[in-house]
Amino acid sequence: MVEQRIKDISYYYTNPLEFEKLLRNIESMESVDNLKDIIDLNTLKTWIKDNIFNIKSLQELLNNYPGTQKKIKSIIGKSLSIKEADTWIQEFLSDPESYQDFPILFSDYNYWLKLSSQEMSKYLYSDFAEYYYILSERKIVNKYSGEILNGLIYNKEKLFENIRLITERTQRNNKLYFPEGFEQSDFFQGMVNSFIDLLEEKNLKHINFIDTLLNFKDTNFPLNELTRARIEQFEKEFWEDNTMKKSSSTFSSKAFIQDQKESVIVNFEDNGITISFDRKTLESLEKDEILTFIIHETFLFDKYGRLCFLYKTLENENTSIEVANKKRKDEYDMPFNRNFQNIFEISTIDLLLNYFEDKNISIESLFAYFFNKQILLNYGIEGFSMDEIDSNMSYSSRNILLAVELESILKQYQLLSKYSEIDLKLLNFMPPLDIGGIGSILKDKYIEVSNEEIPEDIRFSEIKSMFEKCNYVCTKRLPEEAIKKLKGLPSFKQYSTFFSKDEINYLNFTLNNKEFIDSLGIRNAYLHGAGKVFSEKQHENNYLMLVKMFLIVISKIDEELYFDKKANQSKSK
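Anyway, here's the lowdown on the structure attached to this text.

Here is what the cut-offs are and how they apply
Residues numbered from 1 in each chain as written. Predicted model: local features only at pLDDT ≥ 70, side-chain atom pairs only at ≥ 80, totals over all residues. Heavy atoms only, no water. Helix = DSSP H or I, 4+ residues; strand = E, 2+ residues; numbered from the N terminus. Buried < 20%, exposed > 50% of the residue type's maximum accessible area, 1.4 Å probe, protein only. Contact = heavy atoms within 4.5 Å. Areas by Shrake-Rupley, 256 points an atom, 1.4 Å probe, with all protein chains shown as cover. Axes fitted to C-alpha atoms, helices over the stretch in contact; angles between N-to-C directions. Parallel < 35°, antiparallel > 145°, perpendicular 65-115°, else oblique. Left-handed = near helix turned anticlockwise from the far one by under 90°. Phe/Tyr/Trp six-rings, centres within 6.5 Å; stacked < 30°, edge-to-face > 60°. Lys NZ or Arg CZ within 6 Å of the ring centre and 35° of its normal. Expected span 1.5 Å × (residues − 1). Salt bridge = Lys/Arg side-chain N within 4 Å of Asp/Glu carboxyl O. Core = buried A, V, L, I, M, F, W, Y, C linked by side-chain atoms within 4.5 Å. Pairing = 2+ DSSP bridges. Nonpolar A, V, L, I, M, F, W, Y, C, P; charged D, E, K, R; others polar. Patch = residues over 30% accessible without salt bridge, like charges linked within 9 Å, V, L, I, M, F, W, Y side chains within 5 Å.

Attention now goes to the overall build of the protein chain. Looking only at helices and strands, the protein chain has 25 helices and six strands in total. By the burial criterion, 53% of the 573 residues in the protein chain qualify as buried. Here the analysis covers contacts within the protein chain between residues at least 6 apart in sequence; of these, 70% occur between residues at least 24 apart. Working note: accessible area of the protein chain is about 27,100 Å², and carbon and sulfur atoms make up 46% of it.

What follows covers unusual backbone geometry. One non-glycine residue, Gln-184, adopts positive backbone phi at about 55 degrees. Relative to the elements of secondary structure, Gln-184 occurs in the loop between helix 12 (159–167) and helix 13 (187–202). With a phi angle near 65 degrees, Ser-420 is a residue other than glycine that sits in the positive phi range. Note that Ser-420 resides in the loop between helix 20 (395–419) and strand 4 (446–448). Take Ser-420: its relative accessible area is 65%, and that puts it in the exposed class.

Between helix 8 (residues 117–124) and helix 11 (residues 145–154), the least distance of the axes is 9 Å, while the angle of their chain directions is 20 degrees. Put simply, helix 8 runs roughly parallel to helix 11. Crossing angle aside, the handedness with which helix 8 passes helix 11 is right-handed. Of helix 11, the residues touching helix 8 (which contributes Ser-117, Met-120, Ser-121 and Leu-124) are Glu-147, Ile-148 and Gly-151.

Moving on to the packing of aromatic side chains. The tally for this structure, following the rule as stated, stands at 30 aromatic pairs. Taking 6.2 Å as the distance between ring centres and 50 degrees as the angle between the ring planes, the aromatic pair formed by Phe-92 and Tyr-123 counts as tilted. Here the residue Phe-92 occupies a position in helix 6 (residues 85–94), and Tyr-123 occupies one in helix 8, the gap between them amounting to 31 residues. When the ring of Phe-106 is compared with that of Trp-112, the centres are 5.1 Å apart and the planes differ by 75 degrees; the resulting orientation is edge-to-face. A single burial state applies to Phe-106 and to Trp-112, both of which are buried. Taken together, Phe-92, Phe-102, Phe-106, Tyr-111, Trp-112 and Tyr-123 form an aromatic cluster joined through their ring pairs. Note that Lys-501 overlies the ring of Tyr-495, its terminal NZ or CZ placed 4.8 Å from the centroid.

Turning next to helix 20. The end-to-end C-alpha distance of helix 20 is 36 Å, a good match for the 36 Å that 25 residues give at a rise of 1.5 Å each. Across the 25 residues of helix 20, 20 count as buried, placing the element largely inside the fold. Trailing helix 20 by a residue or two, Ser-420 shows a phi angle of about 65 degrees, which is positive.

Next up on the list: the pattern of salt bridges. Scanning the model with the defined rule gives 23 salt bridges in all. With a shortest N-O distance of 3.3 Å, Glu-119 and Lys-122 are connected by a salt bridge. One end of the pair, Glu-119, and the other, Lys-122, are both in helix 8, three residues apart, so they sit about a helical turn from each other. In this structure, the salt-bridge partner of Lys-425 is Asp-423, at a minimum N-O distance of 3.4 Å. On the basis of relative accessible area, Lys-425 is assigned to the exposed category, the value being 58%. Several salt bridges share partner residues, and in doing so they unite Lys-445, Arg-477, Glu-503, Lys-556, Glu-559 and Glu-560 into one network.

Ranked by internal contacts, the top residues of the largest apolar core, which has 160 residues, are Phe-102, Trp-112, Phe-188, Phe-367, Phe-371, Phe-499 and Tyr-506. Ranked by residues supplied to this core, first place goes to helix 25 (residues 536–572) with 13 residues. Among the nonpolar cores identified, the runner-up in size contains 15 residues, and Tyr-304, Ile-447, Val-449 and Ile-463 belong to it.

Right, let's talk about the environment of Gln-414 for a bit. As for its position among the elements, Gln-414 is in helix 20. In sequence terms Gln-414 and Phe-498 are 84 residues apart; their C-alpha atoms lie 8.6 Å from each other. Sequence-distant contacts of Gln-414, that is, excluding residues within four places in its chain, are made with Met-430, Leu-433, Gly-437 and Ile-438.

Right, let's get into the sheet that holds strand 5 (residues 472–474). Strand order in the open sheet made by the three strands is 5-4-6, with antiparallel pairing throughout. Only two strands of the sheet have a single partner each, and these edge strands are strand 5 and strand 6 (493–495). When strand polarity is set aside, the average angle formed by the axes of neighbouring strands in this sheet is 25 degrees. Bridge count between strand 4 and strand 5: three bridges; the pairing is antiparallel. Bridge pairing in strand 5 places Tyr-446 opposite Cys-474.

Turning next to helix 13. Taking 1.5 Å of rise per residue, 16 residues should cover 22 Å, and helix 13 covers 23 Å from first to last C-alpha, within 8% of that figure. Looking only at helix 13, the buried set comprises Phe-188, Gln-189, Met-191, Val-192, Phe-195, Ile-196, Leu-198 and Leu-199. Where helix 13 terminates, the next one or two residues include Asn-203, which has phi positive at roughly 55 degrees.

Along the polypeptide, Arg-306 turns up in the loop between helix 17 (287–297) and helix 18 (336–358). Here Arg-306 is in contact with Leu-300, Phe-301, Met-466, Cys-470, Tyr-472 and Val-473, once residues within four sequence places are set aside.

Before going further, it helps to spend a moment on the packing of helix 17 against helix 19 (residues 363–379). Direction vectors running N to C along helix 17 and helix 19 enclose 110 degrees, while the axes themselves pass 10 Å from each other. Between helix 17 and helix 19, the interaxial angle falls into the category roughly perpendicular. Note on element contacts: helix 19 touches helix 17 through Ile-363, Leu-366, Phe-367, Tyr-369, Phe-370 and Gln-374, opposite Lys-287, Asp-288, Ile-290, Leu-291 and Ile-294. In the contact of helix 17 with helix 19, the residues fall into eight nonpolar, one polar and two charged.

Judged by side-chain polarity, Tyr-419, Leu-426 and Phe-429 come together as a nonpolar surface patch covering roughly 350 Å² of accessible area. Relative to the elements of secondary structure, Phe-429 occurs in the loop between helix 20 and strand 4. By relative accessible area, Phe-429 is classed as exposed at 69%.

To continue, consider the pairing of strand 3 (residues 272–278). Across the seven residues that make up strand 3, a large majority, seven, are buried. Of the two faces of strand 3, both are covered, the one formed by Gly-272, Thr-274, Ser-276 and Asp-278 as well as the one formed by Ile-273, Ile-275 and Phe-277. Sheet topology note: the strand 2 (residues 264–269)/strand 3 ladder contains six bridges and is antiparallel. Bridge pairing links Val-264 to Phe-277 in strand 3.

What follows is the structure, given as structure tokens:
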């Protein structure tokens, strides 16, 4: 057994002494008999090989143990040899959620090729099979051609994922291989028809992906006229049923910079949104004004400080997308308006980042400036610390460091809310970050109420409009008189966490894998070494999402510190 349980690299980033202890432990280790320990060692090996050079404090410690990577490889090799490959995969399938990075381990040590035909079939038919790792190796595909072919065709729970692997394969860095006879046959077409059968059977409306299939053309994976007609009919019936004009695949968001009178102009059209920024306004911004401008002029937040992305869909707009049959965990609610809003936000953020980078001002430098200097200047609060990330690194490397720094900043704020000060040494002793467990420095920060319960009365008209698209608001944004009116409603609640409940769900969906089966899990992918499966374009998209997460966190911190400072000033008068 590993004497010290291996944790995410983000933990060691703020606990370098623990990292050194782990390295010493590895030196004296020969083998381990626990699958979780083996997987964690493999994740650490991947980090040391690919990413740890980006984190100077850990790299300096690692330099004192030059044989660590070789030693870990030896430990894993000896540990895996203790049991047959079939036994290991049986252990994985008995509790797959505890061994999430198992496929990476088997790929790194070529253990797929050691499986019996029977156990490979069991894996490929399971809900937890990840075909990417199987199809990435020609030798695996050649050895288990029949098992893979049957799995692709008959594992209904993996149809969506496997069809997408095929339609997006040109966007990936690694070449994919397919069983003999699969390409230029009717097998892919059969998968698509089975997928549509599944959608109809379960009354699911995965319309975005249906749009993708309609436009998919590849001679190696043909779709005949009947199948294309069926896809088109499925899409047509969806829009007729839901009275929608356009899908998110036809939704466009255009952002540009020009000379104009207003600093920002937004135009809403039937099939998209355009936003333009005044060139002179951007040129006039001081360094400490840029983040505020990006946060408040890109429509990330409404006038009450709530994420526009979280707006609920009104009855006349109602058309949500269901992605997969609900199974082990809940899915994240992603109606169309959220897809549209995210496209708009990301394209706008991308435009502004490129503009300021051309002026030699990187978003990474602005983040570091905010935490290292601006908070102290604006609010007199000491202790926040962030290493500036080199904007010349690849998106993949920047994403790793952004994920690490984001977690560190949230833990620092957790210390502030709990102890009224930030002692960076305490980061070494903090448990893994729980986004929902971060407290607020504001008492009874959020009010939550159902808009349906607010009376249709002129006295409540302003309050009712406030809760029309969001069921919560920061208490500090409401006058005392309005709060008194709301307290009598049955749904009235007050609570005090750093993020609202909706925000907690959104951040968990974007960053982690625990809460939702369809999570993006960006933070987990990069900190667990699974980011290597992304194409360069996906790395770029993930980068923009992580920047967006940082902007959200900065805005929330600034909001709390502003209201807290204002309250303290009122007390001192």
